[in-house]
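Residue-level structure breakdown
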Amino acid sequence: MSSSARLARLDHKGSPYLYILPFFLLFGAFGLFPLVYTGYVSFNDWDLIDAGAHQWIGLGNYRELLTDAYFWNALGNTLSIWVLSTVPQLLAALWIAHLLNHRLRTRTAFRMGVLLPNITSIVAVTLVFAQMFGRDFGMVNWLLGVVGIGPVDWQADTWSSHLAIAIIVMWRWTGYNALIYLASMQAIPHDLYEAADLDGASQTQQFWRITVPMLRPTIIFTTVISTIGGLQIIAEPLLFAGSGTPTGGSDRQFQTIALFMYEQGFREFRFGYASAIAWTLCLVIALFAIVNLLLTRRIADEE
Amino acid sequence: MTVLDEKTTARVAPQPPRRPARHRGFGHPRRASVWTYAGLLAILAGSVFPLYWSLVVSSQTSDAVTAVPPVLIPGGHLFDNIARVFATTAFAKALLNSFIVSGSITISVVFFSTLAGFAFAKLRFRGRKGLLALAVATSMVPHQLGIIPLYLLMARLGWTDQLAAVIVPGLVTAFGVFFMTQYLGRAIPDELLEAGRIDGCSTFKLYWHVVLPIARPAAAVLGLFTFMQAWNDFFWPLVVLQENATVQVALSSLAAGYTTDYTLTLTGTLLATLPILVIFMVLGRQIVGGIMQGAIKG
């Protein structure tokens with residue numbers, strides 16, 4: 001074998017690994033390693049940045065977490081905000097996608113319009129909404145006043161703060177999900193609708209009997225994605241409080257788990273405890289993802 | 001040794017399949033009624049209003065924020081307020097920092113994703129399927145939850161409050177690799193690569209002369225998404241940067257404090273959103289297309 005042929009062989013066999021190496025190296029060091037190491041930190045009493053100053057306490061942090069009222073409060077808030085934002089969001093997205101799925105003039109402009117909230121940063125969105133939800137001079141309370149409803153102190157109560165935060169999340173994500181649904185709707189064979197027309201089915205019937213069932217896999221997909229994202233929300237409740245405090249309101253009425261983790265890690269500097277919160281949240285997310293997966297399988301089996 | 005020139009490559013390479021919408025027989029192409037337009041216009045108004053509102057507030061004097069009923073028309077004080085933002089905070093530096101961070105991350109993600117995507121889609125090597133599955137699986141992992149060790153790592157490296165702490169973890173994304181693998185798998189015919197090999201091209205020459213030109217449209221979409229995501233990233237920069245803030249961190253500190261100056265805050269919001277808005281106005285069609293191809297996650 002000549003040396004150039006041997007070189008070509010080496011190139012052929014070896015170079016693919018070279019091309020994927022940067023990804024795995026960087027991802028391993030700054031993506032995967034921290035996540036795994038979080039597990040190790042969570043078994044320690046670890047209050048200082050100095051890596052030497054920590055003590056192995058086994059499951060101590062987890063034991064504390066399970067009896068910590070603040071944790072259960074944060075878990076409840078997270079689930080409440082997640083349900084309040086996800087359910088109406090996906091329903092609204094379905095409806096918007098249905099509207100967009102017509103022969104339209106300025107089609108692109110409408111599609112860009114519904115996506116606009118999604119390209120705006122969470123910080124910008126939350127700050128604008130925090131102003132609009134202001135107690136004394138906010139636009140929302142003014143509008144409510146016009147229809148005769150007294151001013152609401154949006155930050156003060158559990159339900160009102162959850163609703164406000166859910167609206168912020170919804171505003172940012174509904175259009176994005178609508179575009180995902182629209183893409184799936186466009187793949188539905190048109191004869192189905194033609195046949196339904198011949199049978200005299202109304203538009204509403206066609207939407208619920210043809211469009212929605214055909215969209216089921218996509219609906220499950222968006223539910224999974226919204227779950228993974230929704231259970232981690234942190235920036236909205238952090239910035240909604242205005243003052244930049246991570247307690248989620250004076251009574252922790254809108255502190256989410258991720259925000260609780262941030263508070264314990266970077267305000268209280270309890271790195272071990274915060275890591276235990278992180279892993280627990282990971283577990284919660286995985287649990288929800290598995291439930292979603294089982295749901296997907298069952299639906300796939302039915303078809 | 002013959003090197004394939006770009007033009008031949010582009011002509012030989014088939015375009016990836018178009019969206020089903022363009023085919024006859026799919027979708028639901030009914031003519032839109034007046035009600036459809038009315039509904040869409042209402043949704044559009046709701047989508048645009050918060051940004052419009054930040055324009056209104058940032059172009060009025062501070063009195064406008066507390067006016068009842070609210071002022072709804074922009075005023076003439078936009079540049080006064082912008083000047084005030086730049087005077088009271090290090091906003092100019094934050095904007096520059098964000099450009100540096102987002103620019104570096106975008107270039108790196110596009111380059112490494114195309115490289116790895118090429119290997120995964122078109123090269124045969126042992127462990128390919130397993131490694132690809134690993135890369136895809138990792139894109140679902142909630143990275144936000146690894147910030148504590150990441151912070152400890154940055155402290156050890158002496159990178160806290162340095163842009164490197166934000167740039168380096170963003171240099172590659174699992175999503176980018178997945179996205180390019182999918183695209184290149186469809187867009188590059190194997191015959192083209194075989195022909196190149198017979199002509200004696202090394203693998204890297206194939207990458208440079210065949211793959212990169214074909215990858216360009218997908219690379220542009222990936223680049224757009226990566227830039228916007230990096231620009232809007234907030235949580236990790238908030239944790240690791242203090243004085244050397246990016247624009248989102250600077251914006252959040254504008255609002256912090258016991259009483260928030262909303263004129264200042266919403267002017268900052270407008271400034272921080274403007275670069276993204278400009279990109280969106282120019283390339284919105286590509287961004288919408290990228291999402292509708294179903295592969296993009298936010």
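Located above this text is the structure these notes cover.
Residues numbered from 1 in each chain as written. Chains lettered and ligands numbered in written order. Predicted model: local features only at pLDDT ≥ 70, side-chain atom pairs only at ≥ 80, totals over all residues. Heavy atoms only, no water.

1. Digging into the packing of aromatic side chains
Applying the stated criterion across every chain yields a total of 44 aromatic pairs over all chains. Where Phe23 of chain A meets Phe24 of chain A, the ring centres are 5.0 Å apart and the plane angle is 75 degrees; that geometry is what we call edge-to-face. Accessibility expressed as a relative area gives 1% for Phe23 of chain A, which makes it buried. Through successive ring pairs, a cluster of aromatic residues spans Tyr19 of chain A together with Phe111, Phe112, Phe118, Phe204, Tyr207 and Trp208 of chain B. (Phe/Tyr/Trp six-rings, centres within 6.5 Å; stacked < 30°, edge-to-face > 60°. Buried < 20%, exposed > 50% of the residue type's maximum accessible area, 1.4 Å probe, protein only.)

2. Observations regarding the interface of chain B and chain A
Taken together, the contacts link 105 residues of chain B with 98 residues of chain A. Surface buried jointly by chain B and chain A totals about 9,300 Å² across both partners, of which 76% is contributed by carbon and sulfur atoms. Counting the contacts that link chain B with chain A gives zero salt bridges. Our count for the contact surface shared by chain B and chain A stands at 12 residue pairs in polar contact (both at pLDDT 80 or more). Residue composition of the side of chain B that touches chain A, grouped by class: 71 nonpolar, 26 polar and eight charged. Judged from the two bridges that link them, strand E3 (residues 102-103) of chain A and strand E1 (residues 30-31) of chain B form a sheet pairing that is parallel. Bridge pairing in E1 of chain B places Arg103 of chain A opposite Arg31 of chain B. (Contact = heavy atoms within 4.5 Å. Buried area = accessible area lost by both parts, 1.4 Å probe. Salt bridge = Lys/Arg side-chain N within 4 Å of Asp/Glu carboxyl O. Polar contact = N/O pair within 3.5 Å; in protein donor to acceptor, adjacent residues only side chain to side chain. Nonpolar A, V, L, I, M, F, W, Y, C, P; charged D, E, K, R; others polar. Pairing = 2+ DSSP bridges. Helix = DSSP H or I, 4+ residues; strand = E, 2+ residues; numbered from the N terminus.)

3. Side note on the packing of helix H10 (residues 203-232) of chain B against helix H13 (residues 262-292) of chain B
Packed helices, taken two at a time, are described by the angle their axes make and the gap between the axes. All names here are of chain B. The contact between H10 and H13 brings their axes to 10 Å, and the two run at 145 degrees. Between H10 and H13 the crossing geometry is left-handed. Side by side, H10 and H13 meet where Val221, Leu224, Phe225, Phe227, Met228, Trp231 and Asn232 of the first sit next to Ala272, Pro275, Ile276, Ile279, Leu283, Gln286, Ile287, Gly290 and Ile291 of the second. A class-by-class count of the residues in the contact of H10 with H13 yields 13 nonpolar, three polar and no charged. (Axes fitted to C-alpha atoms, helices over the stretch in contact; angles between N-to-C directions. Left-handed = near helix turned anticlockwise from the far one by under 90°.)

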